[in-house]
Amino acid sequence: MSTVLECSNVTKIFKTGFIPKPVKALDKISFTIPKGKVTGFLGPNGSGKSTFLKVATELIKPSEGKVTFFGGKNFYSVKKDIGFVPEKPAYPVAFSGLEILKFHAAFTGVSKQRIDEVVDLVVLTDAIKRPVGTYSKGMQQRLSIAQALLDEPQLLILDEPLSGLDPDGREILINVIKNYSEKPGRSVFLSSHLLEDLQRICNNLVIIHEGRLLFTGDPEEVFNPNEFRLTIKKSDGIKKIRVNKDGLNTELKKIIDNGDDLHEVVPQNKSISSLYFDLMQNDKSKIEQKRG
Amino acid sequence: MSTIINLSKFFFKDLIHRRIFVVAAVVGLAFIVLSMLLGPLSFNEEKRLAINFSLAGSQISLIFLAVLVGSSFLKSDIESKAIHGILTRPLSRPQYYVSKLASFFMCLLLLSFLMWLAFLLTALMVGFDGISVSMLPFLGIFIEALLLFSFAMFLSLFTSSFLAIGASFSLFLVGHWIPTFEYLIRNSSQSVIKLIGTIIVWVVPNLESFNWKSHLTYNEWLPVETYAQFSAYGLIWVLCITFFGIFIFTKQDFA
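It should be emphasised that the depicted structure is a prediction, and the values quoted were computed from it without experimental measurement.

1. Focus: the packing of aromatic side chains
Tallied over the full model, the rule gives 28 aromatic pairs over all chains. Each ring, one from F52 of chain A and one from F189 of chain A, has its centre 6.3 Å from the other, and the planes form 85°; the classification is edge-to-face. Pair noted here: F52 of chain A is in helix 1 (residues 49-56) and F189 of chain A is in strand 7 (residues 187-191), with a separation of 137 residues, a long-range link. This pair shows no difference in class: F52 of chain A is buried, exactly as F189 of chain A is. Feature note: the residues F95, F103 and F107 of chain A together with F10, F11, F73, Y96, Y97, F104, F149, F249 and F254 of chain B constitute an aromatic cluster, connected by ring pairs. Cation over ring: K100 of chain B sits above F11 of chain B, and NZ or CZ is 4.1 Å from the ring centre. Directly above the aromatic system of F73 of chain B lies the positively charged group of K100 of chain B, at a separation of 3.9 Å from the ring centroid.

See the structure below:
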């Protein structure tokens, strides 16, 4: 399968403070984003998602490694084929939405008809001639998506587009992203905290924690509907194990025979949130073990 | 080139929507109008006082505009992260930086022209006869303001707006003292003073080169080539500062 984004060993170290203290925001991250998929980019606050997206869009330079697009090209040479929606879109408040879109359209000679199309798409027709200063956060976010869609890009990169929006605003954006991704060859790379929304639109995942890659791939592949997760309280602490449906009775009998307490039996249903929380918990345990 | 024109037009519109542009225009025009009222206060120097005062007013408002806008024009885009949405479009960082300068160039040109028109009106009313060459002092003020703007914008890349404003006004003061430093170098017996003076003369643009206000007031003119040389000197400074600004801007991280 061809890829739209490839990153290898991307590391970013920030130096902050009067006496510069290095802080590793990204630690040798390598993954690819397949063409034609909606890839969710997950991780807790401060895990390095926005930093990675800024490295990918050349707003910041990596300390090591590189990010390439469409088979080895750098971001600068393919800017026209990539639409980017920043975390907090900011526009001069005196301009109308239409003026902003016309300004962005002029870079690539986008037609007036296309501007009208994207305005309709993001449901901003009634407000497009109003100054951006009068827009709500959701409307600014939609304007930003309209701007990113102007050139009909092959890849849409969105940094937390759904956070802070009301349910209606989220629904509009999710539909825009879904409609866009349904066209052949279009790919989306979307960072978000909203696991339920990601569950609805993503068919590929990248999960990072503390700047390290925890998971990449199709979440469907790691879910086993016949698997259960058991949480057992033993004398030496809490233990989590995974068992198959066939072995469940045997395992439960063993727990009773050993005199352990059974805390929880969770069927491994296909949810991004269960994968996310499992990965986070495992990673946190590993970090704690390392720290002794 | 079309990218720079598109960006410059957008930034120009952004600039003239800002309150500071209106304030600078009103203050400059108010100085010029007030100069007519001040003239009669003097004894036998009515014209000279009116001309001097209106030129000084224009200079003050344009210099303030240049320094205040220069220290925040690019900085505000970086701090508000508006720069993220633009730099990810099909354009390069040097194009973005040059467009910022070009948009202020247009804004300054517009304001200088308006002030010159108001000045002409005042000059006609007080019966001043040097109208045909009255544009020259405004050209000097224009070059000086452009230089200070490029310096303030350059500094704002790596310092706070407050420091950029302070340093730019310091440059304005020191730049106007360059003839004094040259005098010190020639006449001081102390080598330390000579050395400091020489360094300042080399690293600070001589802003007195663009002070042509008194030429108009006293009707004492230099050869045309001298004005051309001074203008070129100012523009070379603007180009050098812009070059260093672009160099830093292209290497910066916008986190």
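2. Structural notes on the interface of chain B and chain A
Listed by partner, the interface residues are 26 residues for chain B and 28 residues for chain A. For the pair chain B and chain A, the summed buried surface comes to about 2400 Å²; carbon and sulfur atoms form 61% of the total. For chain B, the biggest contributors to the area lost against chain A are F10, T88 and R89 of chain B; these three give 30% of the whole. The interface formed by chain B and chain A holds 2 salt bridges in total. Breaking the side of chain B that touches chain A down by element, the ones donating at least two residues are helix 1 (2-16), helix 4 (82-87) and helix 11 (224-251) of chain B. Looking at the side of chain B that touches chain A, the element that brings in the most residues is helix 1 of chain B, giving 6 residues. Across the side of chain B that touches chain A, the residue classes break down as 9 nonpolar, 10 polar and 7 charged.

3. Describing the pattern of salt bridges
Going through the model one piece at a time under the given rule, you end up with 12 salt bridges over all chains. With its nearest N and O atoms 2.7 Å apart, the salt bridge here joins D253 of chain B to K12 of chain A. One end of the pair, D253 of chain B, is in the segment after helix 11; the other, K12 of chain A, is in strand 1 (residues 3-16), on a second chain. The exposure class of D253 of chain B is partly exposed, given its relative accessible area of 32%. Of the residues examined, K12 of chain A reaches a relative accessible area of 6% and is grouped as buried.

4. Some thoughts on unusual backbone geometry
Positioned with a positive phi, E152 of chain A is a non-glycine residue whose angle comes to about 50°. Along the polypeptide, E152 of chain A turns up in the loop between helix 4 (137-149) and strand 6 (155-159).

5. Some words on the packing of helix 6 (residues 135-156) of chain B against helix 7 (residues 161-176) of chain B
All names here are of chain B. Viewed as axis vectors pointing N to C, helix 6 and helix 7 meet at an angle of 145°, and their least axial separation amounts to 9 Å. Our pair here, helix 6 against helix 7, has a crossing hand that is right-handed. Residues E144, L147, L148, F151, A152, L155 and S156 of helix 6 pack against A164, A167, S168, L171, F172 and H176 of helix 7. Partitioning the contact of helix 6 with helix 7 into residue classes produces 9 nonpolar, 3 polar and 1 charged.

6. Thoughts on the environment of F158 of chain B
Residue and element names in this part refer to chain B. Considering the arrangement of structural elements, one finds F158 in the loop between helix 6 and helix 7. Classification of F158 as partly exposed rests on a relative accessible area of 45%. Taking the C-alpha atoms as reference points, F158 and Q252, 94 residues apart in sequence, are found 9.3 Å from one another.

7. Description of the side chain of Q252 of chain B
Tracing the backbone through its elements, the reader meets Q252 of chain B in the segment after helix 11. Contacts of Q252 of chain B, omitting those with residues within four sequence positions, involve L59 and K61 of chain A together with I78, R93 and L157 of chain B.

8. Things to note about the environment of F142 of chain B
Residues and elements named next belong to chain B. Within the fold, F142 resides in helix 6. F142 gets classed as buried once you look at its relative accessible area, which sits at 8%. When near neighbours in sequence (up to four residues on either side) are disregarded, F142 contacts F105, L108, L109 and S112.

9. A few points about the nonpolar core
Residue and element names in this part refer to chain A. Counting 146 residues, the largest nonpolar core has F52, F69 and F189 as the members making the most contacts within it. Setting aside its immediate chain neighbours within four residues, F189 contacts L5, F31, I33, T39, F41, F52, L53, L155, L156, I157, L158 and V206. Core analysis: the second largest hydrophobic core is formed by 7 residues, L230, I241, V243 and I255 among them.

10. Some words on the sheet that holds strand 9 (residues 212-217) of chain A
All names here are of chain A. Here we have 6 strands laid out as an open sheet, ordered 5-6-7-3-8-9, and mixed in their pairing. Lying at the two open borders of the sheet, with one neighbouring strand each, are strand 5 (82-85) and strand 9. The sheet shows a mean angle of 10° between the axes of neighbouring strands, taken without regard to direction. Note that strand 3 (residues 38-42) and strand 8 (residues 204-209) share 4 bridges and pair parallel. Looking across to strand 8, one finds that T39 is bridged to N204. Packed on one face of the sheet, helix 4 meets strand 5 and strand 6 and runs near 165° to strand 5.

Parameters at a glance
Residues numbered from 1 in each chain as written. Chains lettered and ligands numbered in written order. Predicted model: local features only at pLDDT ≥ 70, side-chain atom pairs only at ≥ 80, totals over all residues. Heavy atoms only, no water. Phe/Tyr/Trp six-rings, centres within 6.5 Å; stacked < 30°, edge-to-face > 60°. Helix = DSSP H or I, 4+ residues; strand = E, 2+ residues; numbered from the N terminus. Buried < 20%, exposed > 50% of the residue type's maximum accessible area, 1.4 Å probe, protein only. Lys NZ or Arg CZ within 6 Å of the ring centre and 35° of its normal. Contact = heavy atoms within 4.5 Å. Buried area = accessible area lost by both parts, 1.4 Å probe. Salt bridge = Lys/Arg side-chain N within 4 Å of Asp/Glu carboxyl O. Nonpolar A, V, L, I, M, F, W, Y, C, P; charged D, E, K, R; others polar. Axes fitted to C-alpha atoms, helices over the stretch in contact; angles between N-to-C directions. Left-handed = near helix turned anticlockwise from the far one by under 90°. Core = buried A, V, L, I, M, F, W, Y, C linked by side-chain atoms within 4.5 Å. Pairing = 2+ DSSP bridges.

Purely geometric numbers; function is a separate question.
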